[in-house]
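One letter stands for each residue in the lines below.
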Amino acid sequence: MLLRPSRARGLLDGIPRRGPPAAAGYRAACELAPADGDALAAYAGMLARGFRPDAYTFPPLLKAVARRGGPAAAAPGAVHAHVVKFGLGHGAHEASALVAAYAAVGDGAAARAALLDSRGAPVAWNALISGHCRGKRFGESSRAFADMVRAGAAPTPVTYVSVLSACGKGRDLLLGVQVHKRVVESGVLPDLKVESALVGMYVDCADIDSAWRLFEDMEVRNVVAWTSLVSGLARLGQVDRARELFDGMPERDAVLWTAMIDGYVQAARFREALEMFREMQYSNVTADEFTMVSVITACAQLGALEIGEWVMVYMSRQGIRMDVFVGNALIGMYSKCGSVERALDVFNGMHSRDKFTWTAIILGLAVNGHGEEAIDMFHRMISVSEAPDEVTFIGVLTACTHAGLVHKGQEFFHSMTETYNIAPNVVHYGCIVDLLGRAGKITEALETIDQMPMTPNSTILGTLLAACRVHGNSEIGESVAERLIALDPENSTAYILLSNMYAKANRWEDVRRLRQAIMKKGIKKEPGCSLIEMNGMIHEFVAGERSHPMSNEIYSKLENIIADLRNVGYFPDVTEVFVEVAEEEKQKVIYWHSEKLAIAFALLSSEPNTVIRIVKNLRMCLDCHNAIKLISRLYGRVIVVRDRTRFHHFRHGLCSCKDYW
DNA sequence: ATAGGGTTAG
């Protein structure tokens, strides 16, 4: 028996306090719906008022504690001390909850000890299996199952559900098939829950055919099985098939709706995801935290800040908790909408944070040009003993790039292996190439690529090529472009960057030659596309297109804007025009770039002085960058453009990227 | 008490 009174005291001392006052929307959401940390607060309050815990007190408390993870991992021990202190250590409910909590936070030994306390009750074994599964130790789950069988405990349907879930999440099809056989031999079938779990296991192991077969053989089908199939199909890239299935379903609950919404998110069909969410509300199914995560992610990708804000209101109205997942998603959304302040509000208001929270805020700060603050956040993360992972370091390295901290970035890069035992992957090397490239150290950047232990991919070569373009190093640039084209002949970025580089070096003959080669090969530039949200609607603009209902107004507004710009010295820079057309045509091509259309639309439709936020699918061209700088000054507007790789915050005629992108 | 769907990068 583990008894640690110090931990028990720690429980009462360590009750999370509320963060500093935060903006109204999410604070309402927090207050209406206590987060996990508040379960401990409620318990402490109960003791302070002199109430004694009973058999119903600890299981939910343990569940909340186990969910928190991270540095709070010691907490099950603290609750355990109280369980013993109040003489409740012998109930099967407490024992199972303890087993599950210990297993979920990764304390396998304590979990087994608690299991012994329950004298090996089947429910406690189930708790061990599912607890390990919650803690993402799937191998431990199946080991627990094997031990259970060996110990002679009788598996229940929940046992099979739990171990099948572990097989699926661990992507262990071989083991899953073995368990399936055992299920058949055991005689529990037909059992709706077990059958659904089998379907889910095959789906998770990407064996959709087996999943289908099982599903079709089920005499009675429930929402769980349907849901597994829907999300499985979506995950395998067959969203439309998932949708057909969804449409044919007799009954739809929140989980199924969420699976469908998330299916669209996974397929990068974000507008349809939001459309589904709208339909979900019409159908009077109440969304939950899971739904919100998918919806918020869709908003993030679309840069749909207004809808995102509305989602906050919806959450507080519906009493949906702002748990760690929702909070993390919100930080990502505000960051991706270019609103660091709001991202920080959410971060500060969160009761419990995990490594994803820290990583999200570090990335959010870094990518929006607050490099130094991002690095401060990293130090804070370390000081609260949250372990960084490889993604955290992408944020940290990006921060160094944006702050121009070459030496510091290299130090962090080395610390990955030396201090944190994280092997750098190609993306980390890409960050270093970006870091060096931005500082003009092109040769060192090239050396980094040639010396790294993995083969360079097209992204990292593209990063170097972009650096060559900015710094006018056409010598290295040409050879990098050649490598890039050899690696990925259809990659239009390579041609565009190379062409831009020639243009910068006034090598017009080479530009012409390259353009002809591109035409001959039939390589098409992905059309430029910009999104802007206005009054809760997402408007899409494609370069040169007139599909928007306000097109006539927009194009004439654009003419006025350009006339205004010319009055203050703007001259169209057509050096980066990719297509081979006459000079006047090139100007039109430039004028009708999607972000310019979106800005014209925004100037027509939005309130004065409001921030204009645009999401673009490609890298911005030099001319748009120049023009938008001027627009921000001339019209007194802050304009935030999120392009494929970075953010541009235009204000008073300047851009946060300092003209490097 | 144990059970289906979730968060960070490119």
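What counts as what
- Residues numbered from 1 in each chain as written.
- Chains lettered and ligands numbered in written order.
- Predicted model: local features only at pLDDT ≥ 70, side-chain atom pairs only at ≥ 80, totals over all residues.
- Heavy atoms only, no water.
- Helix = DSSP H or I, 4+ residues; strand = E, 2+ residues; numbered from the N terminus.
- Rg over C-alpha atoms; globule rule 2.2 N^0.38 Å.
- Buried < 20%, exposed > 50% of the residue type's maximum accessible area, 1.4 Å probe, protein only.
- Contact = heavy atoms within 4.5 Å.
- Areas by Shrake-Rupley, 256 points an atom, 1.4 Å probe, with all protein chains shown as cover.
- Lys, Arg positive; Asp, Glu negative; His and termini not counted.
- Charge placed at Lys NZ, Arg CZ, Asp CG, Glu CD.
- UniProt positions renumbered as here; feature names shortened; annotations may be inferred.
- Near = heavy atom within 4 Å.
- Polar contact = N/O pair within 3.5 Å; in protein donor to acceptor, adjacent residues only side chain to side chain.
- Nonpolar A, V, L, I, M, F, W, Y, C, P; charged D, E, K, R; others polar.
- Pairing = 2+ DSSP bridges.
- Salt bridge = Lys/Arg side-chain N within 4 Å of Asp/Glu carboxyl O.
- Domains from an automatic or database assignment.
- Buried area = accessible area lost by both parts, 1.4 Å probe.
- Disulfide = S-S within 2.5 Å.

Chain A appears in an unreviewed UniProt entry as DYW domain-containing protein from Panicum virgatum.

Participant: Please explain the overall build of chain A as it appears in this structure.
Facilitator: In terms of helices and strands, chain A carries 35 helices and six strands. Here chain A has a C-alpha radius of gyration of 28 Å; the compact-globule value for 661 residues is 26 Å, and the two agree. Projecting the C-alpha coordinates of chain A onto the three principal axes gives extents of approximately 85 × 55 × 55 Å. Burial analysis of chain A (661 residues in total) assigns 53% to the buried set. Long-range pairs, those at least 24 residues apart, make up 65% of the contacts in chain A between residues at least 6 apart in sequence. With an accessible surface of roughly 29,600 Å², chain A has 54% of that area assigned to carbon and sulfur atoms. Seen as two clouds, the 71 positive and the 74 negative side-chain charges of chain A have centres 3 Å apart.

Participant: Looking at this structure, I do not really get the UniProt feature "repeat: PPR" (unreviewed entry) in chain A. What am I missing?
Facilitator: Feature annotation in UniProt places "repeat: PPR" (unreviewed entry) on residues 121-155, 156-190, 222-252, 253-287, 323-353, 354-388 and 491-525, given in this structure's numbering. Structurally, residues 121-155 is divided into 74% helix and 0% strand, and its ends, taken at the C-alpha atoms, are 10 Å apart. Within residues 491-525, the helical portion is 77% and the strand portion 0%, while the C-alpha atoms at the span's ends are 9 Å from each other.

Participant: Honestly, the protein's contact with DNA strand B in this entry has me stumped. Any pointers?
Facilitator: Residues in contact with DNA strand B amount to 37 residues; listed here are only the nearest, Val123, Asn126, Lys193, Asn328 and Leu363. Between DNA strand B and threonine 258, the relevant distance is 3.3 Å, taken from a base nitrogen to a side-chain nitrogen or oxygen of the residue. In the model, a phosphate oxygen of DNA strand B is placed 2.9 Å from a nitrogen or oxygen of the lysine 336 side chain. Residues that form the surface near DNA strand B fall into these classes: 17 nonpolar, 11 polar and nine charged.

Participant: Where do I start with the environment of aspartate 488 in this structure?
Facilitator: The residue aspartate 488 is located in the loop between helix H29 (474-487) and helix H30 (492-504) in this model. Aspartate 488 sits 164 residues away from histidine 652 along the chain, and the two C-alpha atoms are 40 Å apart.

Participant: Hey, could you run me through the sheet that holds strand S2 (residues 537-542) in this one?
Facilitator: Paired through their backbone hydrogen bonds, the strands of a sheet run either parallel or antiparallel. Taken together, six strands build an open sheet; the order of strands is S2-S1-S3-S4-S5-S6 and the sheet is mixed. Pairing within the sheet leaves two strands with one partner each, and these edge strands are S2 and strand S6 (654-655). As paired elements, strand S5 (residues 647-651) and S6 share two bridges and run antiparallel to each other. Opposite phenylalanine 650, over in S6, you have cysteine 655 as the bridge partner.

Participant: Teacher, can you tell me more about the side chain of serine 492 here?
Facilitator: Mapped onto the fold, serine 492 is located in helix H30. Serine 492 gets classed as buried once you look at its relative accessible area, which sits at 13%.

Participant: Explanation requested: the side chain of serine 474 in the structure shown.
Facilitator: Along the polypeptide, serine 474 turns up in helix H29. Residue classification places serine 474 among the buried positions, given a relative accessible area of 15%. Within the structure, serine 474 has its side chain in polar contact with the side chain of arginine 507 (distance 3.3 Å). Once residues within four sequence positions are removed from consideration, serine 474 is found in contact with Met501 and Arg507.

Participant: Explain the pattern of salt bridges here, please?
Facilitator: Pairing between side chains of opposite charge can happen when their charged atoms approach one another. A complete count under the given rule lists 22 salt bridges for this structure. Where aspartate 147 meets arginine 112, a salt bridge forms, and the shortest distance between an N and an O atom there is 2.9 Å. In this pair, aspartate 147 is assigned in helix H9 (residues 138-150) and arginine 112 in helix H7 (residues 108-117), connecting sequence segments 35 residues apart. Residue classification places arginine 112 among the partly exposed positions, given a relative accessible area of 26%. With its nearest N and O atoms 2.9 Å apart, the salt bridge here joins arginine 269 to aspartate 240. With a gap of 29 residues between them, arginine 269 in the loop between helix H16 (254-266) and helix H17 (270-282) and aspartate 240 in helix H15 (residues 239-247) connect regions that are remote in the sequence. Classification of aspartate 240 as partly exposed rests on a relative accessible area of 46%. One continuous salt-bridge network, built from bridges that share partners, spans Glu478, Arg507, Asp510 and Arg513.

Participant: Is there a simple way to think about the domain arrangement of chain A in this case?
Facilitator: If you check the domain split of chain A, you get domain 1 (425-521) and domain 2 (529-655). Once you take the C-alpha centre of each, domain 1 and domain 2 turn out to be 26 Å apart. Across the boundary between the two partners, domain 1 contributes 13 residues, which contact nine residues of domain 2. With both chains or domains summed, domain 1 and domain 2 bury close to 1,100 Å², and 48% of this area falls on carbon and sulfur atoms. Contact with domain 2 buries surface across domain 1, with Arg469, Asn500 and Arg515 losing the most and accounting together for 44% of the total. Across the contact surface, domain 1 and domain 2 share one salt bridge. Close ionic contact of arginine 646 with aspartate 434 constitutes a salt bridge, the shortest N to O distance being 3.1 Å. Here domain 1 and domain 2 share one residue pair in polar contact (both at pLDDT 80 or more) between them. Contributions of two or more residues to the side of domain 1 that touches domain 2 are made by helix H26 (426-438), H30 and helix H31 (508-521). In terms of residue class, the side of domain 1 that touches domain 2 is built from seven nonpolar, one polar and five charged.

Participant: Can you help me understand the state of the cysteines in this one?
Facilitator: Working definition: the covalent bond between the sulfur atoms of two cysteines is a disulfide. Counted according to the given criterion, the structure contains zero disulfides. Cysteine 205 supplies the cysteine sulfur nearest to cysteine 167, a cysteine that is in no disulfide, at a spacing of 7.1 Å. When its relative accessible area of 2% is taken as the criterion, cysteine 167 is described as buried. Look at cysteine 205 and you get buried, because its relative accessible area is 14%.

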